[in-house]
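Here are the chains, one letter per residue:
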Amino acid sequence: MLTRIAGNCFWLARYLERCENNARLLRMAEAHTCLPESVDDPVGLWSTALEVGGTLDDYESRLGVLERSQVVRYMVLDRDNPSGILACMRALRDNARTARHLLTEQSWEAINESWLEAQQLDEARLADVGVEGIVVWTIQRCRLIRGCFEDLWRDALPHVLDLGAAVERADFTARILAEMVPPLLKHGMAVPDLCGPVCRRWRSLLIGLGMTETWRRERAQALEPVEVLRLILLHPTSPHSLLVNVRHMATAITGFAGADRGGRSLSIAHAFERQVMAADIPALCGEGLHTFLTALTTTTNRLGGEVNAEHFT
Amino acid sequence: MSISTKAFSEMGPAGQPRPAYRKLQDWLTTVPPAVLNRRREEADQIFRRRGITFAVYGDPSAAERLIPFDVIPRILAKSEWDLLSAGCIQRVKALNMFLADLYGPQEILKAGIIPPEEILGNPLFLKQAVGIRQPHGVHAHICGVDAVRVGPDEWYVLEDNLRTPSGVSYMLEDRSAMQRLFPELFRSHKVGAIHHYPDQLLENLRACAPAGVDDPTVAVLTPGSLNSAYFEHVFLASRMGVKLVEGGDLVVEGDKVYMRETGGLCQVHVIYRRIDDDYLDPEVFREDSVLGCKGLIRAARAGNLTLVNGLGNGIADDKSTYFHVPEVIRFYLGEEPIIHNVPTWRCRDPKQLSHVLAHLPELVVKEVAGSGGYGMLVGPTSTREQIAAFADKLKANPANYIAQPTLALSTCPTFVSSGVAPRHVDLRPYVLSGRTTTVVPGGLTRVALREGSLVVNSSQGGGTKDTWVLEEDPC
């Protein structure tokens, strides 16, 4: 596999993941607007959603005031928002075009058709189907594309795609935790009142991560901050947990480069796994969270850079 | 006691809406009927896609039928809800104490509050339940209180459903649908959240596990996918994150209940069963039942299993016991009932029977063990022939019937083919009992979609509405 093509496929997978992450952020912020506490707080989780996507500064410099319908337009339709749904669809399709000869016809058509449909998105459609309608459409398209990848040859390509998805998920997890958890921890470590706003904010975090169902299946008790963090960081089988994605990174690098040619990036991936495994969750709920999450983001970026330098150039 | 015969309009007259409905009425004047119609179609698509269906037994064409969903919410002000919820909680607390007493020391019978023969001679009093210990004294962990409103602060309880009350999944799915279809309405109303219902339920089920079990395993027991409420069984198991089991998945060994899992047997400590008592355990009840599991009652009696709801709860929500609930509240809680019973004539009493027979055209007559709107007579909407035929049934077996005045159920604005029009509604709040007794703010509003109809049952053409409880009273 050409290193250039591998790099494009890596980014194809990252944009695919980013597109779905962005859709879930939309769902999280929109669902929050239907809660009683949002009547007096219209900004709600919109700034959080933008901050997690890394686009708050861009939004404020270009559009100014945070206002729900404007943020929704920005997160869905704005072609210059690099995390926006339309921009992600375009970027993943552009990357896929360079690797079209490696993709199955069905994979390419699923990607291309998604892009064609995405171009039909406009304000009228948004008003017609609502935010949740757009979210459902986006997630379905992303999952359809991923499903088509099942038919790819089991050569280097699926591993490159896996790596892109895992790096993007790990990055997203670190970002959303950094934004949402510190304010929640100010309310203490005790199980929050089931019907109160703090509990609902923890739920919003799970919605943003796509881990609501994982939580339901796994929980043995009420929504306890330590247990929620343990689930997000260390769950051994949930496709959205940090640990699973960090492990995927090492497996994927070994898969496309070979066990003895993983280089520094493989070493970083293994070290990353050890770093996550060593997470002391109760300590993170105290003072250590910021340091831990900063280290995560740094490692993710370092890994991305190293993989690019070693394997995709 | 006199009950208004004119239906109370919950929204109030056009142009002068009651405070809780002001913003909604404004919104209704701006939203075109075509938009409401489109949203209703979208709601149908959502419900169909999610498989939110129920079955009507005896109608093969209705194996998976949608319950009509009305897109206009019902709104209750905080103060209105505070009254109703306090009344429901009071009632369920007393009924739990009543059940614990009936299957225990029977103090209420000894005190002469209820004639013992009425309880002990009732087939719904199950001797098999005597002596089974329910942790925290909770027999009715989930109770659906059917309430109707006839005035601003005037509610009546029609019945207490203490066995396997259904419909809570519709309450939660109706809310999800409304949030998707009309998010803008939630941004202008502080609507009390209800999505924590499954968490509250799970917390209670765990709290009611047998003594000494620190980390109990909970399961929902369903009769299977052909049951009319199967969707709800799946929904609750999934939202609580517990296993959904059928009778065949369970086995009792050494008075303990286990699920057969791929990794081996796994002990179950709490079973939220959605199977009637009769079918629960062929060792004790119907021998031909293939829905339950042999030995469940033995396990419960040995203190290794909590059955939810408890066994034999029918004795407390039977229409013939309903009559006594106000006294039950006074006896156990020393309080006056916050919400009243509907005045009820018990046809087993010859004097009351003759009154009923003389006033059939004005009354609603129900079978003592009936449900679902079947086997009843609604006098004011029945023909002379129907009334005469019902009178014959009544005379043949009077103890099988009770009669009540025809209540003018309140109306709420409802989107029907002719536009927005008032339709009669009732309300089923869900009261949960564990260490404490609570109720999520809302419930299932059932609406009679036919003009003038008072029958809200889904099996008889009724629909549902999202029920909003405002967190603050409007100024």
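Treat the numbers as computed from the prediction; the structure is a model and nothing was measured.

Thresholds applied
Residues numbered from 1 in each chain as written. Chains lettered and ligands numbered in written order. Predicted model: local features only at pLDDT ≥ 70, side-chain atom pairs only at ≥ 80, totals over all residues. Heavy atoms only, no water. Helix = DSSP H or I, 4+ residues; strand = E, 2+ residues; numbered from the N terminus. Rg over C-alpha atoms; globule rule 2.2 N^0.38 Å. Buried < 20%, exposed > 50% of the residue type's maximum accessible area, 1.4 Å probe, protein only. Contact = heavy atoms within 4.5 Å. pLDDT = per-residue confidence, 0-100. Domains from an automatic or database assignment. Buried area = accessible area lost by both parts, 1.4 Å probe. Salt bridge = Lys/Arg side-chain N within 4 Å of Asp/Glu carboxyl O. Polar contact = N/O pair within 3.5 Å; in protein donor to acceptor, adjacent residues only side chain to side chain. Nonpolar A, V, L, I, M, F, W, Y, C, P; charged D, E, K, R; others polar. Expected span 1.5 Å × (residues − 1). Pairing = 2+ DSSP bridges. Axes fitted to C-alpha atoms, helices over the stretch in contact; angles between N-to-C directions. Parallel < 35°, antiparallel > 145°, perpendicular 65-115°, else oblique. Left-handed = near helix turned anticlockwise from the far one by under 90°. Core = buried A, V, L, I, M, F, W, Y, C linked by side-chain atoms within 4.5 Å.

Description of the overall build of chain A
Tallying secondary structure elements over chain A gives 14 helices and zero strands in all. For chain A, the α and β elements follow one another from N to C terminus as α-α-α-α-α-α-α-α-α-α-α-α-α-α. Its C-alpha radius of gyration of 19 Å places chain A within 12% of the 20 Å reference for a compact globule of 313 residues. The principal-axis extents of the C-alpha atoms in chain A amount to approximately 55 × 50 × 35 Å. Out of the 313 residues in chain A, the part that is buried amounts to 56%. Relative to all contacts within chain A whose residues are 6 or more apart in sequence, the contacts with residues 24 or more apart total 70%.

Observations concerning the confidence of the model for chain A
Chain-level statistics for chain A give a pLDDT mean of 93 and a share of 99% at 70 or above. Helix H4 (residues 68-76) of chain A holds the highest mean pLDDT among the elements of chain A, 97, whereas helix H10 (residues 212-218) of chain A holds the lowest, 87.

Brief notes about the domain arrangement of chain B
Residues and elements named next belong to chain B. Looking at the assigned domains, one finds that chain B contains domain 1 (19-185 + 317-341 + 407-469), domain 2 (211-304) and domain 3 (345-405). Contact residues are listed per partner, giving 23 residues for domain 1 and 19 residues for domain 2. Buried surface at the junction of domain 1 and domain 2, both sides included, amounts to about 1700 Å², of which 58% is carbon and sulfur. At the surface where domain 1 touches domain 2, the tally comes to zero salt bridges. At the boundary of domain 1 and domain 2, one finds five residue pairs in polar contact (both at pLDDT 80 or more). A total of five residues in the side of domain 1 that touches domain 2 trace back to one element, the largest contributor, which is helix H6 (residues 168-181). Across the side of domain 1 that touches domain 2, the residue classes break down as 13 nonpolar, eight polar and two charged.

Comments concerning helix H6 (residues 105-119) of chain A
Residues and elements named next belong to chain A. Between its terminal C-alpha atoms H6 stretches 21 Å, which fits the 21 Å expected from 15 residues at 1.5 Å a residue. Every buried residue of H6 is accounted for by Ser107, Trp108, Ala110, Ile111, Asn112, Ser114, Trp115 and Ala118. Where H6 is buried, its residues contact helix H1 (3-33), helix H5 (85-98) and helix H7 (123-148).

Regarding the sheet that holds strand E15 (residues 401-405) of chain B
Residue and element names in this part refer to chain B. With respect to topology, four strands assemble into an open sheet ordered E12-E15-E13-E14, the strand pairing being antiparallel. Two strands close off the open sheet at either side, each with one partner strand: strand E12 (345-346) and strand E14 (377-378). One ladder, built from five bridges, connects strand E13 (residues 363-367) with E15; its direction is antiparallel. Along E15, the bridge assignment pairs Val365 with Ala403.

Brief notes about the environment of B:Ala94
Residue and element names in this part refer to chain B. One can find Ala94 in helix H3 (residues 78-102). Owing to a relative accessible area of 0%, Ala94 belongs among the buried residues under this scheme. As a C-alpha pair, Ala94 and Ile329 span 235 residues in sequence and 5.2 Å in three-dimensional space. Once residues lying within four places of it in the same chain are set aside, the contact partners of Ala94 are Val328, Ile329, Tyr332 and Leu333.

Considering the sheet that holds strand E8 (residues 264-268) of chain B
All names here are of chain B. What the three strands build is an open sheet, ordered E6-E7-E8; its pairing is antiparallel. The open sheet has two edge strands, strand E6 (250-253) and E8, and neither has a second partner. Strand-to-strand twist of the sheet, defined as the mean angle between neighbouring strand axes without regard to direction, takes the value 40 degrees. Pairing of E6 with strand E7 (residues 256-261) involves four bridges; the strand directions are antiparallel. Looking at E7, one finds that Val251 is bridged to Tyr258.

Description of the pattern of salt bridges
This model, assessed by the stated rule, comprises 52 salt bridges over all chains. A salt bridge links A:Glu168 to A:Arg18; the nearest nitrogen and oxygen atoms lie 2.8 Å apart. With a gap of 150 residues between them, A:Glu168 in helix H8 (residues 156-185) and A:Arg18 in helix H1 connect regions that are remote in the sequence. A salt bridge links B:Glu283 to B:Arg298; the shortest N-O distance between them is 2.8 Å. Pair noted here: B:Glu283 is in the loop between strand E9 (270-273) and helix H10 (296-301) and B:Arg298 is in helix H10, with a separation of 15 residues, a long-range link.

Here's the deal with the interface of chain B and chain A
Chain B puts 24 residues into the contact, and the matching count from chain A is 23 residues. Where chain B abuts chain A, roughly 2100 Å² becomes buried across the two surfaces, and 48% of that area is made up of carbon and sulfur atoms. Linking chain B to chain A there are four salt bridges. For the salt bridge of B:Asp199 with A:Arg203, the shortest nitrogen-to-oxygen distance reads 3.2 Å. Joining chain B to chain A, the criterion identifies five residue pairs in polar contact (both at pLDDT 80 or more). For the side of chain B that touches chain A, the secondary structure elements donating two or more residues are helix H2 (33-50), H6, helix H7 (183-186), helix H8 (197-207) and helix H9 (230-240) of chain B. Its residues assigned to classes, the side of chain B that touches chain A shows six nonpolar, six polar and 12 charged.

Topic: the pairing of E7(B)
Side-chain direction in a regular strand flips from residue to residue, so the side chains alternate between the two faces of the sheet. What sits between E6(B) and E7(B) in their antiparallel hairpin is a turn of two residues, with B:Gly254 showing a positive phi close to 55 degrees. Between the end of E7(B) and the start of E8(B), which pair antiparallel, lie two residues.

Remarks on the packing of H2(B) against H6(B)
Two numbers describe a pair of packed helices, the interaxial angle and the distance between the axes. Residues and elements named next belong to chain B. Following both chains from N to C, one finds H2 and H6 inclined at 135 degrees, their axes separated by 10 Å at the closest point. The pairing of H2 with H6 is recorded here as oblique in orientation. Our pair here, H2 against H6, has a crossing hand that is right-handed. In contact with Arg39, Glu42, Ala43, Ile46, Phe47, Arg49 and Arg50 of H2, H6 contributes Glu173, Asp174, Ala177, Arg180 and Leu181. For the contact of H2 with H6, the residue count by class is five nonpolar, no polar and seven charged.

Structural notes on the nonpolar core
Most often, soluble globular proteins keep nonpolar side chains buried together rather than apart. Counting 110 residues, the largest nonpolar core has A:Leu163 and A:Met249 as the members making the most contacts within it. Sequence-distant contacts of A:Met249, defined by excluding residues within four places in its chain, comprise A:Leu163, A:Ala166, A:Val167, A:Ala170, A:Ala269, A:Phe272 and A:Leu303. By size, the runner-up hydrophobic cluster in this structure holds 60 residues, among which are B:Val71, B:Leu205, B:Tyr430 and B:Leu470.

Considerations on unusual backbone geometry
Residues and elements named next belong to chain B. The peptide bond linking Val308 to Asn309 adopts the cis configuration, its omega dihedral lying at -10 degrees. Here Asn309 is to be found in the loop between strand E10 (306-308) and helix H11 (314-317). Of note, His136 is a non-glycine position whose phi angle comes to about 60 degrees, a positive value. Turning to its location among the elements, His136 is positioned in the loop between helix H5 (116-120) and strand E2 (142-151). Look at Asp255: it is not a glycine, yet its phi comes out positive at around 60 degrees. Within the element layout of this structure, Asp255 appears in the loop between E6 and E7. Looking at Asp255, the relative accessible area reads 26%, which means it is partly exposed.

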